Amino acid sequence: MIGTFTFENLPCRVVFGSGALASAKAEVERLGGKRALVLTTPQQEAQGKSLGAALGPLYGGIFPGATMHTPVEVTERALAAMKACEADCVISLGGGSTTGLGKALALRTGINQLCIPTTYAGSEMTPIVGQTENGLKTTVRDAAILPETVIYDVDLTLTLPASLTATSGINAIAHAVEALYARDTNPVTSLMAEEGIRALARALPAIAAKGDDREARTEALYGAWLCGVCLGTVGMALHHKLCHTLGGTFDLPHAETHTIVLPHALAYNAPAVPDAMARISRAIGAADAPQGLFELAKRLGAKVALRDIGMPEGGIDKAADLAVTNAYWNPRPLERDAIRDLITRAWAGEPPGAIKTAV
Ligand SMILES: NC(=O)C1=CN([C@@H]2O[C@H](COP(=O)(O)OP(=O)(O)OC[C@H]3O[C@@H](n4cnc5c(N)ncnc54)[C@H](O)[C@@H]3O)[C@@H](O)[C@H]2O)C=CC1
Ligand SMILES: O=C(O)/C=C\C(=O)CC(=O)O
């Protein structure tokens, strides 16, 4: 049954397809840009420079210093580079870290962003940025943060290593999973969520078998786009909050943390959200959604234990305390002991279990 709901379409132009990168110059012109600063990580600097060459007179320069979790000191250096070349727009070429830097600049200056994602993180579709200062990561949501234009070119994803393909893809799936049981869930976002999960769950094993399978890569990028829209459109819950806490407190890598925690967070919420569980099961083709996602991660060769990505066992209690400290909405009430159980399983790499319920 369709109830009452609010749906807000976020204004963003999307150019999708193999070879779409060639439209970058035209898209900058469409935004009214005269001088673009290209942003990349150090690893993607050469790619950024070749994009710069294709921009001709619209190329203002490159800032190849993007890094994970958007540290404010990096943003300040990028701001100086923006001023030095008198840029009136930025082009973010890379994964969520590079997109995050472009968003941090837009938040401070209102500058237009052309975003060219090369992972499946989905940040390009959201008006959200997480920024780190003095070791503390805080999240800002603001309309100015949403990129104006996004170019999805599957060719750029062919080089994404197998490990990051797997974890970034499951990071995307996590956005759609939580959208299906969000407090402000709605039928339109849920359509995108189920289709996004389906596309990624189908494409990722094919990519694991053949990294340059263009058809599977296209389907994965399409799925990542839909999942990113879900993250930008509705609120997230326990899974995203836990990953944020674990990542920030123990300096764990973003996509890997999502991949490990997702089946366990879903098992925790399962009793409260049977309809969402049915949709996820259908999308991944598994009888049990948490178990199916755990199996998918293993099949893709991803790590399934927080201890294997650097979380100390002594941190389990601290994480459980933090998870229930700043109350936030979740479909199932936050129960400290059950959340500790969830984190313990994720730490050890055990399959998701029936999580104990408070009596
Ligand atoms: N604000 C939002 O809505 C969201 C923000 N994020 C943020 O994004 C960051 C994580 O982004 P990710 O995309 O997971 O990783 P990333 O952007 O840090 O990329 C990881 C590494 O892979 C390299 N790389 C990227 N694409 C490549 C390709 N196609 N071929 C070869 N190498 C490639 C990058 O240069 C980098 O060295 C975190 O800081 C996270 O908080 C993630 C999702 C949503
Ligand atoms: O950290 C951010 O930039 C904000 C949101 C996310 O990273 C979303 C996520 O946890 O994947």
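Please read these numbers as outputs of a predicted model, since none were measured by experiment. (Residues numbered from 1 in each chain as written. Chains lettered and ligands numbered in written order. Predicted model: local features only at pLDDT ≥ 70, side-chain atom pairs only at ≥ 80, totals over all residues. Heavy atoms only, no water.)

**Q** Would you mind going over the pattern of salt bridges with me for this structure?
**A** Where charged atoms of side chains with opposite charge meet at close range, the side chains can pair. Summed over the entire model, instances satisfying the criterion amount to 15 salt bridges. Note that Glu219 and Arg202 form a salt bridge whose closest N and O atoms lie 3.2 Å from each other. In this pair, Glu219 sits in helix H7 (residues 214-233) while Arg202 sits in helix H6 (residues 187-209), placing the two residues 17 residues apart along the sequence. For Asp317, the salt bridge is made with Arg340, and the minimal N-O distance between the two is 2.8 Å. Residue Asp317 is located in helix H12 (residues 316-325), and its partner Arg340 is located in helix H13 (residues 336-348); the two are separated by 23 residues in the primary sequence. Salt bridges sharing common partners tie together Glu195, Arg198, Arg202 and Glu219. (Salt bridge = Lys/Arg side-chain N within 4 Å of Asp/Glu carboxyl O. Helix = DSSP H or I, 4+ residues; strand = E, 2+ residues; numbered from the N terminus.)

**Q** In this structure, what is going on with the packing of helix H5 (residues 162-180) against helix H8 (residues 238-250)? I would like to understand it.
**A** Packed helices, taken two at a time, are described by their axes: the angle between them and the distance between them. At a minimum axis distance of 9 Å, the contact between H5 and H8 shows a crossing angle of 140 degrees. Of the possible angle classes, the one that applies to H5 and H8 is oblique. Judged by residue contacts, Ala174, His175 and Glu178 of H5 engage Leu238, His239 and His240 from H8. Looking at side-chain class alone, the contact of H5 with H8 contains 2 nonpolar, 3 polar and 1 charged residues. (Axes fitted to C-alpha atoms, helices over the stretch in contact; angles between N-to-C directions. Parallel < 35°, antiparallel > 145°, perpendicular 65-115°, else oblique. Contact = heavy atoms within 4.5 Å. Nonpolar A, V, L, I, M, F, W, Y, C, P; charged D, E, K, R; others polar.)

**Q** Looking at this model, I keep getting lost on the sheet that holds strand E4 (residues 89-94). Mind explaining?
**A** Hydrogen bonds between backbone groups are what pair the strands of a sheet, and the pairing can be parallel or antiparallel. Within the open sheet, the 6 strands sit side by side as E1-E8-E5-E4-E2-E3. Their pairing is parallel. A strand with exactly one partner marks an edge of an open sheet, and here the two such strands are strand E1 (13-16) and strand E3 (59-63). Between one strand axis and the next, the sheet turns through 20 degrees on average, direction left out of account. The pairing of strand E2 (residues 36-39) with E4 spans 4 bridges and is parallel. By the bridge assignment for E4, Leu39 is matched with Ser92. The strands touched by helix H2 (residues 45-55) are E2, E3, E4 and strand E5 (112-117); relative to E3, the strand with the most contacts, the crossing angle is about 175 degrees. H7 rests against E1 and strand E8 (149-152) of the sheet, and its axis sits at about 170 degrees to E1. (Pairing = 2+ DSSP bridges.)

**Q** Can you walk me through helix H9 (residues 254-269) in this structure?
**A** Residue pairs spaced three or four apart in an α-helix point in one direction, given the helix's 3.6 residues per turn. When the terminal C-alpha atoms of H9 are compared, their 21 Å separation across 16 residues agrees well with the 22 Å that a helix rising 1.5 Å per residue should span. With 14 of 16 residues buried, H9 is to be regarded as a mostly interior element. (Expected span 1.5 Å × (residues − 1). Buried < 20%, exposed > 50% of the residue type's maximum accessible area, 1.4 Å probe, protein only.)

**Q** Please clarify how the site of ligand 1 should be interpreted in this entry.
**A** The full set close to ligand 1 counts 23 residues, and Thr41, Ser97, Thr118, Thr119 and Thr126 are the nearest of them. Residue Ile128 places a main-chain N or O atom 2.9 Å away from a nitrogen atom belonging to ligand 1. Each residue belonging to the shell around ligand 1 can be placed in one class, and the counts come to 8 nonpolar, 13 polar and 2 charged. (Near = heavy atom within 4 Å. Polar contact = N/O pair within 3.5 Å; in protein donor to acceptor, adjacent residues only side chain to side chain.)

**Q** Could you clarify how one ought to interpret the packing of aromatic side chains in this entry?
**A** Aromatic ring pairs are defined here through the distance separating the ring centres and the angle between the ring planes. In total, this model carries 4 aromatic pairs according to the counting rule given. Residues Tyr152 and Trp225 carry aromatic rings whose centres are separated by 6.0 Å and whose planes lie at 35 degrees to one another, so their mutual orientation is tilted. On the criterion of sequence distance, the pair formed by Tyr152 in strand E8 and Trp225 in helix H7 is long-range, its members being 73 residues apart. Judged by its relative accessible area of 0%, Tyr152 is buried. The exposure class assigned to Trp225 is partly exposed, which follows from its relative accessible area of 23%. Ring centres of Tyr222 and Trp225 lie 6.5 Å apart, and the angle between their planes is 75 degrees; on these two criteria the pair is classed as edge-to-face. Here Tyr222 and its partner Trp225 are both found in helix H7, 3 residues apart, which amounts to about one turn of the helix. Members of the aromatic cluster, each reached through a chain of ring pairs, are Phe16, Tyr152, Tyr222 and Trp225. It is Arg307 that lies over the ring of Trp347; its NZ or CZ is 5.1 Å from the centre. For Arg332, the ring lying beneath its charged end belongs to Tyr268, and the centroid distance is 3.9 Å. (Phe/Tyr/Trp six-rings, centres within 6.5 Å; stacked < 30°, edge-to-face > 60°. Lys NZ or Arg CZ within 6 Å of the ring centre and 35° of its normal.)

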